[in-house]
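What follows is the residue order along each chain.
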Amino acid sequence: MAGLEDLIKGTFPTKLLYLDNSYLTACDCEVLKTVRDGKNLYLISDATIFHPKAGGQPSDVGTVAFQGEKLEVKRAMGVWSEDGFHVIHFGKGNVQVGKAHFEIDWSSRYLYMKRHTAAHLLDHCLMEATGKKSVTLGSWLGDKPYVDYAGQAPSLQDLKSAERLENEYIEQSLPVTFTVVPAEQAGLLGAPNEERLPKSAKELRLVRIGDFEWIPCGGTHLNNAIEIGKFSIDTVIPIDGGYRVYFTV
Ligand SMILES: [Zn+2]
């Protein structure tokens, strides 16, 4: 198998349609390059709605199809080059170079969107409950979702307050909004994830719930916090340098 960096050679960065509209479940895009590996195929297109595994968000799955041919996309992978961010689709099947119909599995993606927005809101609610800045170390939004934070775990009382606040903000139907800024401005935000931002990015997309903090993020979010439904903190465990909060939406 060729390295991912070799696969993207000679191609432009992928237009990430999910950044503008995370509710897009299908699109017609141009397949630019395919590389076969046994029964599997690597596929690069000019644009995509497939969010790769990145920033704690699992890869989308789905299909790319045209004129009776079909690729079952098992995962999408993101690669940074000097020019920007590239997405490589990987799976079983075959599709020719040219126009194709891309479709993602919406039920799993929508769940990741709920969990992602809930995780950002948790950053804020912990901050409000404890009076201390939240510093995230990582997260996982697949099965058994969690967020890792640096420092001492909050008291049980503060965790309960954070959970109550989160459900109150969900009830308030706070909108989720986006903006894009030059990467050097991100340091001024004091965002929970400022230590972990990609160094090669020239621009950063910022996400905000209501009028809370702007958080740099390339993931897919809900349009409104009300769609999270109900939020609960399941358990908190110690990890190296901090604590992990498991949650359910
Ligand atoms: Zn995020």
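Summarised in this report is the structure supplied together with it.

Rules of the game
Residues numbered from 1 in each chain as written. Predicted model: local features only at pLDDT ≥ 70, side-chain atom pairs only at ≥ 80, totals over all residues. Heavy atoms only, no water. Salt bridge = Lys/Arg side-chain N within 4 Å of Asp/Glu carboxyl O. Helix = DSSP H or I, 4+ residues; strand = E, 2+ residues; numbered from the N terminus. Buried < 20%, exposed > 50% of the residue type's maximum accessible area, 1.4 Å probe, protein only. Polar contact = N/O pair within 3.5 Å; in protein donor to acceptor, adjacent residues only side chain to side chain. Donors = N, O, S within 2.8 Å, 3.2 Å for Na, K, Ca; no water.

## What about the pattern of salt bridges?
Between side chains of opposite charge, a pair can form when the charged atoms approach closely. Going through the model one piece at a time under the given rule, you end up with 8 salt bridges. With its nearest N and O atoms 2.7 Å apart, the salt bridge here joins Arg109 to Asp60. Highlighted residues: Arg109 in helix H3 (residues 106-130) and Asp60 in the loop between strand S4 (47-48) and strand S5 (62-66), separated in sequence by 49 residues. Each member of the pair, Arg109 together with Asp60, is buried. The salt bridge involving Arg164 is made with Glu168; its shortest N-O contact spans 3.1 Å. Separated by 4 residues within a single helix, Arg164 and Glu168 lie in helix H4 (residues 156-171), roughly one turn from each other.

## What about the side chain of Arg244?
Tracing the sequence through the fold places Arg244 in strand S15 (residues 242-248). Only 2.7 Å separates the side chain of Arg244 from the side chain of Asp148, close enough to count as a polar contact.

## Let's talk about the coordination of the zinc ion
Bound to the zinc ion on the protein side are His116 (NE2), His120 (NE2) and Cys217 (SG), at distances that span 2.1 to 2.3 Å. If you list the donors of the zinc ion from N- to C-terminus, the spacing comes out as H-x3-H-x96-C. A residue pair is termed long-range when its members are at least 10 positions apart, and His116 in helix H3 and Cys217 in the loop between strand S13 (215-216) and strand S14 (232-239) qualify at 101 residues. For the pair His116 and Cys217, one class covers both residues: buried.

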